[in-house]
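Below are the chains, spelled out letter by letter.
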Amino acid sequence: MNKPVLSASSLSLKLPVTDGSIESYRLAASRSFPAKLEGTLNRVAFSAAHVVADPLADVDPWLTSAVDWDRTIAFREHVWDLGLGVAEAMDTAQRGMGLDWPTSLELIQRSVRAAKARGGALVFSGAGTDHLAVEDAKSIDDVIRAYEEQIAAIEKAGGRIILMASRALAKLGRHADDYARVYNRVLSQVAEPVIIHWLGDMFDPALANYWGTENLDTAMDIAVGIINANAAKVDGVKVSLLDKQREIDMRRRLDKSVKMYTGDDFNYAELIAGDDKGFSHALLGIFDAIAPAASYALSRLAAGDEAGFHDVLGPTVPLSRHIFKAPTRFYKTGIVFMAYLNGHQDHFTMVGGQEGTRSTLHLAELFRLADKAGLLANPELATRRMKAVLALRGIEA
């Protein structure tokens with residue numbers, strides 16, 4: 001049974017619109033979701049989790065990352081309470097986009113310890129090559145050594161691996177054999193099966209022509225060939241291309257033991273629901289912003305209530321498409337803004353100063369879409385905070 005829709009809200013505020021004018025916006029009827037998972041899940045679902053910046057640290061945000069560790073780990077506890085896994089130190093955590101490798105490793109170590117303290121909450125962590133500056137990468141062996149170093153550090157901490165795409169490999173890899181050499185070597189050494197992440201260049205322009213070609217059909221052939229040849233070492237594949245048909249085509253070609261984790265923040269609801277030939281699990285940045293709704297929707301799907309699943313998750317898709325609109329790499333700003341609106345942090349400050357990457361109009365539309373989807377956990381708090389941000393941008397309540 002779906003959670004009830006509550007009475008219409010009396011809250012309102014002034015929001016900018018695209019023609020430059022200001023409208024009076026009245027909030028929609030609110031919706032509530034459980035704070036903890038009720039029931040079970042029949043999909044493996046990860047939230048790629050963000051980091052909470054320390055707004056009072058005496059640093060230059062463009063140059064030095066300062067993390068509020070208590071709030072950052074508390075957010076992961078929130079995700080775990082909802083029955084979701086945490087995909088740690090990924091692009092949602094601003095990996096390579098404000099968060100360097102030493103800070104990422106500390107984040108991974110803290111997150112793994114917190115997961116173990118809960119009796120083994122689900123957490124996989126990103127291993128990449130980002131401590132190797134692209135301009136310093138001279139050979140494929142340099143890329144392999146960089147992967148090996150990060151994998152060893154994460155496994156020493158007791159963590160499981162998400163094998164991230166490498167900017168250095170994108171620069172040096174000229175053809176399929178280069179990629180096969182790297183992945184075959186790295187996968188042969190991992191202690192436990194990993195999740196491989198194929199991140200499209202809309203998320204990171206430095207990853208253009210990954211797998212050694214600009215042709216996505218050829219790239220998929222190469223990726224599937226490498227993955228299936230190493231199936232015993234691969235738990236699953238996360239595809240972030242924002243192309244649902246390519247994801248469906250790929251999941252039908254994967255070895256039966258390899259999971260497909262959707263990374264499609266535009267079409268996740270239908271991909272998770274699946275069809276008569278299969279379905280996708282989930283590893284999504286948007287699940288950071290909509291974790292309670294995602295958890296509840298997934299529990300309805302597991303209970304055989306597909307209509308209830310779509311009733312809850314379907315309205316979140318327009319918000320996600322807005323947050324992840326081009327330039328997609330700036331989606332982290334919307335994710336953190338949702339955390340601020342929903343009380344998971346007391347400020348709208350980001351590592352790297354990236355709170356400034358989206359416009360006032362973008363944030364206003366995000367507020368509208370979050371409200372319409374019933375994703376504002378405390379509408380009064382969210383409205384108060386939205387007004388505070390707008391006042392800083394010249395729009396008085």
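For the structure given in this document, a descriptive report is provided here. (Residues numbered from 1 in each chain as written. Predicted model: local features only at pLDDT ≥ 70, side-chain atom pairs only at ≥ 80, totals over all residues. Heavy atoms only, no water.)

Description of the overall build of the chain
Working step 1: Looking only at helices and strands, the chain features 15 helices and ten strands.
Working step 2: Here the C-alpha radius of gyration of the chain, 21 Å, is about what a compact globule of 397 residues would show, namely 21 Å.
Working step 3: Along the three orthogonal principal directions, the C-alpha set of the chain runs to about 60 × 50 × 45 Å.
Working step 4: Across the 397 residues that make up the chain, the buried fraction comes to 56%.
Working step 5: In the chain, the share of contacts with a sequence separation of at least 24, taken over all contacts with a separation of at least 6, comes to 70%.
Working step 6: Of the roughly 15900 Å² that the chain leaves accessible, carbon and sulfur atoms contribute 50%. (Helix = DSSP H or I, 4+ residues; strand = E, 2+ residues; numbered from the N terminus. Rg over C-alpha atoms; globule rule 2.2 N^0.38 Å. Buried < 20%, exposed > 50% of the residue type's maximum accessible area, 1.4 Å probe, protein only. Contact = heavy atoms within 4.5 Å. Areas by Shrake-Rupley, 256 points an atom, 1.4 Å probe, with all protein chains shown as cover.)

Some words on the pairing of strand E2 (residues 22-26)
Regular strands place their side chains on alternate faces of the sheet.
Working step 1: Inspection of the sheet shows strand E1 (residues 12-16) paired to E2 by five bridges, in the antiparallel sense. By the bridge assignment for E2, Pro16 is matched with Ile22.
Working step 2: Where E1 folds back onto E2 in an antiparallel hairpin, the turn is made up of five residues, including Gly20, whose phi is positive at roughly 95 degrees. (Pairing = 2+ DSSP bridges.)

Details of helix H11 (residues 306-313)
Working step 1: Residues of H11 that are buried include every one of Gly308, Phe309, Val312 and Leu313, and no others. The buried residues of H11 all sit within an arc of 115 degrees when viewed along its axis, so they share a single face.
Working step 2: Check the buried side of H11 and you find it contacts helix H8 (268-273), helix H10 (291-302) and helix H12 (316-323). (Arc of directions from axis to C-beta.)

A closer look at empty space enclosed by the protein
Working step 1: In total, this model carries two cavities of 30 Å³ or more according to the counting rule given.
Working step 2: Put simply, the largest cavity is a space of about 60 Å³.
Working step 3: Along the wall of the largest cavity there are 14 residues; nearest its centre are Asp91, Thr92, Lys238, Gly285 and Tyr331.
Working step 4: Of all the elements in the fold, those that place two or more residues in the lining of the largest cavity are strand E7 (194-199) and strand E8 (234-240).
Working step 5: Here the lining of the largest cavity is built from residues that sort into six nonpolar, five polar and three charged.
Working step 6: Counted as a void, the second largest cavity has a volume near 30 Å³.
Working step 7: Contributing to the lining of the second largest cavity are Ala28, Ala29, Ser30, Arg31, Asp371, Gly374, Leu375, Leu376 and Pro379.
Working step 8: Looking at the lining of the second largest cavity, its residues break down into five nonpolar, two polar and two charged. (1 Å grid on protein atoms, 1.4 Å probe; cavity = no way out; pocket = protein on both sides within 12 Å on 5 of 7 lines; lining within 4 Å. Points joined across faces, edges and corners; volume = space filled by probe spheres on them. Nonpolar A, V, L, I, M, F, W, Y, C, P; charged D, E, K, R; others polar.)

Observations concerning the sheet that holds strand E10 (residues 281-284)
Working step 1: Read around the barrel, eight strands follow the order E3-E4-E5-E6-E7-E8-E9-E10 and close on themselves; strand pairing throughout is parallel. Averaged over all neighbouring strand pairs, the angle between strand axes comes to 30 degrees, with direction disregarded.
Working step 2: One ladder, built from two bridges, connects strand E9 (residues 259-262) with E10; its direction is parallel. When the bridges of E10 are listed, Thr262 appears paired with Ala282. (Axes fitted to C-alpha atoms, helices over the stretch in contact; angles between N-to-C directions.)

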